[in-house]
Amino acid sequence: MTKLNCLVRGSLFAVGLMSAVAMDAGVKAYAQGDNASSIIISTYRQVAHLDRSQIGGSEILVNGLMDPLIRLDAKGEIYPGLVDSWDQVDENKTRLTLRQDVTFSDGEKFNAEALKINLDRRLEVTTSSNLKSVTGAEVVDEYTLDLLHKPQPQLGLLSELGIFIFPYSPRQIMEDPQSLETAPISTGPYKVVSYESGRELLLEARDDYWGANVEGWGVPSIKNVTVRFGVDPGVGLAALQAGEVDMFHELTPENAALVGDDMRVIRPSPEVFFMRFGLKDEFTSDLRVREAINLAIDRVALNGPFLGMGEPATQLWHSQIAGWADRGPLPEADLERARELIKEAGADGTEMQMVFSTSYKAGIGLMSQAVAAMIEDIGIKVKMTDLDGVRFREYIRETDNPAPLTTLAFGFDGPEVTGFVTSRISCGAKLSTYCNAEVDRHLDLARKAVSAAERKTILQSMMDEIDRDKGVIPLISPPLIWGKSADLQVTPSFGGLMEWKYWTLDR
Amino acid sequence: MLLRYLVFRVGRALVTLALMSMMVFGLTRLMGDPVSLLVAIDASEELREQTRERLGLDGSLTEQFTDFVLSALQGDFGNSIYRSMSSRDLLLDALPATLLLAAVAAAIAILVGVSIGVVASLKPRSWLDTVVSSISMAGVSMPEFWIALLLIFWLAVGLGLVPTSGSGTWLHLVMPAIVLAIRPIGSIAQVTRSSMIDQMRADYVVTAYAKGLKTPTIVRRHVLKNAGIPVVTMGGVEIADLMTGAIVVETIFNWPGVGRLASHAMQTIDYPVIQTVVFWAALITIVMNLLVDLSYAWLDPRTRQETR
């Protein structure tokens, strides 16, 4: 045998060996949602693991495993969840009465002790920054728990409970907390069958779901759910068109335009894109320049990059969120007046830096380019700086010397808008370059307001002040689009929330 | 003599690996602060500091580098920032899928690349040679993501022959393996062709023809062996490339290998995982280059003489 022959045979053997090793590692059979009781959902989002206490942003697809303590709809209404009722004892203590019929999927009871174990753990996990008010818990009796918290209006506290705390089995927390990352056990209608790290999650509807015969809860219509993570948006669209998956979360507007109405579900967006000014800048500190920029923006045209599926914004939260009110017709662009104001302010021909990040939010890059083009129309040169997602997150915290123009987003998980708004526009807040005592006073009043109607009036009055001052400019609320197979009928329910476990799915 | 050559090359490989580790450590620190992704955007400074301390990112760069080197020497590259798993285990989990994909792509690339290279070399400057050379040049030049998307829309969406992405059956392997094989096919074919053309002009081939041997016999028995050395070099480099994980292809096809792991780690600035993956890639590249050099020395004794 020649040396070359020996080398070739050796290489072939190595290739064969590598294949055998890899095959041995094995991968599960390719599941297909080919019947009425199973669906495949894929998403471009990456999920490192399933422990909701430690991850944020990508949890929407693991919500089937969990039930909320408090249920919130997008209109700001609050309903009992696993917590049946609540009563504020004093400014630092709220007494929670729990449902008595709830069980975890491992058979453990959901009671005051179980909730305390969960709250204690959440307070230990240092990245759980979303818990701003809760400080501890005391068990009163088996189904009553005193929640200890910082002084906080009730809506804020209940929103925090409803959005950020989902209980896990106390047995799992005590005996095997690491397994929360791969197979969390909770009270929801589904349980984990398997989880392949960051790639695929298989869920199965529980036969013993506590809420099966309880009014307002009930069992989901789909028995088996496969969730695939980290799918490229273009490939996700192809998979949808090829009939490989039943739903894709979320379609970009460009991709959504490639499919028919019967293949998409457009839901209220939890976000509003807006423009922030660097108010230490010589020109953007001038109200005339901010007014001119506001007049330069054609909000209807801004919907172009979203193919008309977004909602031009007149305030800092979406029309589906509590506190929104019809403020009349959209402000119209007036280029002539804008140019006059720019000349009056001596800003004609000035160069301004605009910072944005295409990887921060889908669609914000295209929108920012459109905004820049509109501003250039009134005589200001815009120098665009596109930062990567991480640097942009760092940049918007550096409020000492921001660029004159920045486009970013308000994101809302629920009806308690004051928290998000405060951190972005109030004096000295971490993400705010703006300071207006009158706006801060309104925010404070809104936090303390008891009735939804009163809050709405206060928030609208705050918007009047922001409009007068042009401190920030709301631009557009982008669409949130799920792709779906044409034969799948989707009926979103419960206030239009995105949680798919509340949807009725029929094939 | 071979032993001396081996010691020389292994020593050089270790120095390269050490320099590579320093570069990886430095470059990952330039990517940004992972704490920005871990905590809420409006989190307090106190929480950010606590998180930084928990991740061991609160020390100076020198301290962090010392810890990194000491741990790496013991084969410990640290835990992933986002998962309670060591980055080494994450790599080992992803490795079988990458090896499988690399093996299939390498087999396709070698078989097709060598075959078309030989065919083209037999009639240089003929229409066949022109076609093969153009195809191999296109293979080397076309971006992988573009080929991948074309194949997805043609084979998966249009014809429905294979799934668009994922893993689990041999059908899932078809498209990523073809996409990965296209570039190596081009380069192997080009090297095979030029090497074969050189050899076909050599005196021993003229002698073989004079003795009345037929072309297939000459090619099989004499020319292929001598033309093989540059092909082995090219093949080794290409296989090393495939084994280190194809970031673009694995991400597009959602293939659960090292490339996809690397892509996710880079998006989330997961330092330990990035360092582990890059260290693996460097190690494989160095080892494959070493093997290629050794096979060179083995196949061609003149190479050994040069190291004296």
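Model, not experiment: these values are computed from the prediction. (Residues numbered from 1 in each chain as written. Chains lettered and ligands numbered in written order. Predicted model: local features only at pLDDT ≥ 70, side-chain atom pairs only at ≥ 80, totals over all residues. Heavy atoms only, no water.)

### Remarks on the overall build of chain B
Keep this limit in mind: A run of H or I in DSSP becomes a helix once it reaches four residues, and a run of E becomes a strand once it reaches two; helices and strands are each numbered from the N terminus. Burial classes follow relative accessibility: with a 1.4 Å probe on protein chains only, a residue under 20% of its type's maximum area counts as buried, one over 50% as exposed, and anything between as partly exposed. Residue contacts are counted whenever heavy atoms from the two residues lie within 4.5 Å of one another.
Counting its secondary structure elements, chain B contains 14 helices and zero strands. Ordered by position from N to C terminus, the α and β elements of chain B give α-α-α-α-α-α-α-α-α-α-α-α-α-α. Dimensions of chain B along its principal axes, counting C-alpha atoms only, are 85 × 60 × 30 Å. Classification of the 308 residues of chain B by burial places 49% in the buried group. Within chain B, contacts between residues separated by at least 24 positions form 72% of all contacts whose residues are at least 6 apart in sequence.

### Considerations on the overall build of chain A
Looking only at helices and strands, one finds 14 helices and 21 strands in chain A. Counting the 507 residues in chain A, one finds 57% classified as buried. For chain A, the proportion of contacts with a sequence separation of at least 24, taken over those separated by at least 6, is 69%.

### Regarding the sheet that holds strand β8 (residues 190-196) of chain A
Residues and elements named next belong to chain A. Let me state the cut-off plainly: One requirement defines pairing of two strands: DSSP has to find at least two bridges between them. Structural elements are reduced to axes, namely lines fitted to C-alpha atoms, with helices fitted over the stretch in contact, and the angle between N-to-C directions of any two is expressed from 0 to 180 degrees.
Pairing in this open sheet of seven strands is mixed, and the strands run β8-β9-β10-β1-β11-β19-β12 from one edge to the other. Looking at strand neighbours, the two that pair on one side only are β8 and β12 (264-267), the edges of this open sheet. When the angles between neighbouring strand axes are averaged without regard to direction, this sheet yields 20 degrees. Across five bridges, strand β9 (residues 200-205) lies against strand β10 (residues 224-228) in antiparallel orientation. Looking at β10, one finds that Glu200 is bridged to Arg228. Running over the sheet, helix α5 (residues 233-241) touches β11 (247-249) and β19 (480-484) and is turned about 165 degrees from β11.

### A word on the packing of aromatic side chains
All names here are of chain A. Test applied: Stacked, tilted and edge-to-face are the three classes assigned to paired rings of Phe, Tyr and Trp, where Trp is represented by its six-membered ring and a pair needs centres within 6.5 Å; plane angles under 30 degrees give stacked, over 60 edge-to-face, the rest tilted.
This structure, assessed with the given rule, holds 11 aromatic pairs over all chains. On the numbers, 6.0 Å between centres and 35 degrees between planes, the contact of Phe392 with Tyr395 is tilted. Of this pair, Phe392 and Tyr395 both sit in helix α11 (residues 389-395), three residues apart, which is roughly one turn of the helix. Tyr395 matches Phe392 in its accessibility class, with the two residues each being buried. Here a set of aromatic residues connected by ring pairs shows up, and it is made of Tyr209, Trp210 and Trp217.

### Things to note about the nonpolar core
Using the following cut-off: What we call a nonpolar core is a set of buried Ala, Val, Leu, Ile, Met, Phe, Trp, Tyr and Cys residues that are connected through their side-chain atoms within 4.5 Å.
With 61 residues, the main nonpolar core has Met275 and Ile425 of chain A as its most contacted residues. Broken down by element, the residue count for this core peaks at six residues, all from helix α10 (residues 364-376) of chain A. When residues no more than four places from it in sequence are discounted, the contact partners of Ile425 of chain A are Leu316, Phe410, Ser432, Tyr434, Cys435, Val439, Leu443, Ile466 and Val472 of chain A. If you look at the next biggest cluster of nonpolar residues, it comprises 49 residues, including Ala238 of chain A together with Leu100, Ala105 and Ile188 of chain B.

### As for the sheet that holds strand β13 (residues 271-277) of chain A
Residue and element names in this part refer to chain A. Overall, mixed pairing links the six strands, which are arranged β14-β18-β13-β17-β15-β16 in an open sheet. Edge positions in the sheet fall to β14 (311-312) and β16 (381-386), since each of these pairs with one other strand and no more. Direction of pairing for β13 relative to strand β17 (residues 405-411): antiparallel, over a ladder of seven bridges. Among the inter-strand pairings, Phe274 is bridged to a residue of β17, identified as Leu408.

### Here's the deal with the interface of chain B and chain A
Note: interface size is frequently given as the accessible area lost on complex formation between the parts. Worth spelling out the cut-off: In short, buried area is how much 1.4 Å probe accessible area vanishes from two parts on joining, totalled over both. Salt bridges are counted wherever a side-chain nitrogen of Lys or Arg sits within 4 Å of a carboxyl oxygen of Asp or Glu.
Contacts between the two partners involve 55 residues from chain B, matched on the other side by 47 residues from chain A. Between chain B and chain A, roughly 4700 Å² of surface is buried when both sides are summed, and carbon and sulfur atoms account for 62% of that area. Linking chain B with chain A are zero salt bridges, by the criterion used here. Going through the elements one at a time, α2 (35-38), α3 (45-54), α5 (87-122), α7 (144-158), α10 (215-243), α12 (258-267) and α13 (271-299) of chain B are the ones with two or more residues in the side of chain B that touches chain A. In terms of residue count, the dominant contributor to the side of chain B that touches chain A is α3 of chain B (six residues).

### Some details on unusual backbone geometry
The step from His249 of chain A to Glu250 of chain A runs through a cis peptide bond, and the omega angle for that step is -5 degrees. By the secondary structure assignment, Glu250 of chain A is in the loop between β11 and α6 (253-256). Backbone geometry at Ile269 of chain B places phi at a positive 50 degrees, although glycine is not the residue there. If you trace the backbone, Ile269 of chain B turns up in the loop between α12 and α13.

### Some thoughts on the confidence of the model for chain A
Stated precisely, the cut-off is as follows: pLDDT expresses how confident the predictor is about each individual residue, on a scale running from 0 to 100.
Across chain A, the average pLDDT comes to 83, with 84% of residues at or above 70. Long-range and interchain partners of residues 21-34 of chain A, a stretch whose pLDDT sits below 50, account for 28 contacts in this model, where long-range means more than four residues apart.

### Digging into the domain arrangement of chain B
All names here are of chain B. Stated precisely, the cut-off is as follows: Residue ranges labeled as domains rest on an automatic or database domain assignment. Whenever two N or O atoms come within 3.5 Å, that pair is a polar contact, provided that in protein one can donate a hydrogen and the other can accept it, and provided that, for residues adjacent in sequence, both atoms are side-chain atoms. Residue polarity follows a fixed list, in which Ala, Val, Leu, Ile, Met, Phe, Trp, Tyr, Cys and Pro are nonpolar, Asp, Glu, Lys and Arg are charged, and the others, Gly among them, are polar.
Domain annotation for chain B reports domain 1 (1-81 + 269-308) and domain 2 (94-268). One C-alpha centre belongs to domain 1, the other to domain 2, and the line joining them spans 29 Å. Both sides together, the interface formed by domain 1 and domain 2 hides about 1500 Å², and carbon and sulfur atoms give 80% of it. The largest share of the area that domain 1 buries against domain 2 comes from Val277, Trp280 and Met288, three residues that together contribute 31% of it. In this assembly, domain 1 and domain 2 are joined by zero salt bridges. The tally of links from domain 1 across to domain 2 stands at four residue pairs in polar contact (both at pLDDT 80 or more). The dominant element in the side of domain 1 that touches domain 2, judged by the number of residues it contributes, is α13, at 13 residues. Within the side of domain 1 that touches domain 2, the residues separate by chemical class into 14 nonpolar, three polar and two charged.

### Quick word on the side chain of Asn294 of chain A
Residue and element names in this part refer to chain A. With respect to the helices, strands and loops of the structure, Asn294 is situated in helix α7 (residues 287-296). The class of Asn294 is buried, set by a relative accessible area of 11%. With sequence-adjacent residues up to four places away left out, Asn294 is seen in contact with Arg299, Lys470 and Ile473.

### Remarks on the packing of helix α13 (residues 437-448) of chain A against helix α14 (residues 452-469) of chain A
Residue and element names in this part refer to chain A. Note the following rule: Should an angle fall under 35 degrees it is taken as roughly parallel, and over 145 as roughly antiparallel, whereas 65 to 115 is taken as roughly perpendicular and any remaining angle as oblique. The crossing is said to be left-handed when, going from far helix to near helix, the turn is anticlockwise and less than a right angle, and right-handed when the turn is clockwise.
Between α13 and α14, the shortest axis-to-axis distance is 9 Å and the interhelical angle comes to 170 degrees. Taken together, the axes of α13 and α14 are roughly antiparallel relative to one another. When you trace α13 past α14, the crossing you get is left-handed. In this structure, α13 uses Glu438, Val439, His442, Leu443, Leu445, Ala446 and Arg447 to contact α14, whose residues at the interface are Arg455, Ile458, Leu459, Ser461, Met462, Glu465 and Ile466.

### Some details on the state of the cysteines
Each disulfide is one covalent bond, formed between the sulfur atoms of two cysteines. Residue and element names in this part refer to chain A. For clarity, the cut-off: Throughout, a disulfide means two cysteine sulfur atoms within 2.5 Å of one another.
In total, this model carries one disulfide over all chains according to the counting rule given. Across a sulfur-sulfur distance of 2.0 Å, Cys427 and Cys435 are joined as a disulfide pair. Taking the sign of the S-S torsion, about 95 degrees here, the bridge from Cys427 to Cys435 comes out right-handed. Assessed through its relative accessible area of 30%, Cys427 is described here as partly exposed. What makes Cys435 exposed here is its relative accessible area of 52%.

### Quick notes on a nonpolar patch on the surface
All names here are of chain B. To keep things clear, this is the line we draw: Residues qualify for a patch when their relative accessible area is over 30% and they have no salt bridge, like charges being joined within 9 Å and the nonpolar side chains of Val, Leu, Ile, Met, Phe, Trp and Tyr within 5 Å. Per-residue and other accessible areas follow the Shrake-Rupley method at a 1.4 Å probe size, with only the shown protein chains counted as cover for residues.
Residues Met142, Phe145, Trp146, Leu150, Ile247, Val248 and Met266 make up a contiguous nonpolar surface patch of roughly 600 Å² in combined accessible area. Mapped by element, the contributors of at least two residues to the nonpolar patch are α7 and α11 (247-252). In terms of residues, the nonpolar patch owes the most to one element, α7, which gives three residues. Position of Trp146 among the secondary structure elements: in helix α7. Overall, the relative accessible area of 42% leaves Trp146 in the partly exposed class.

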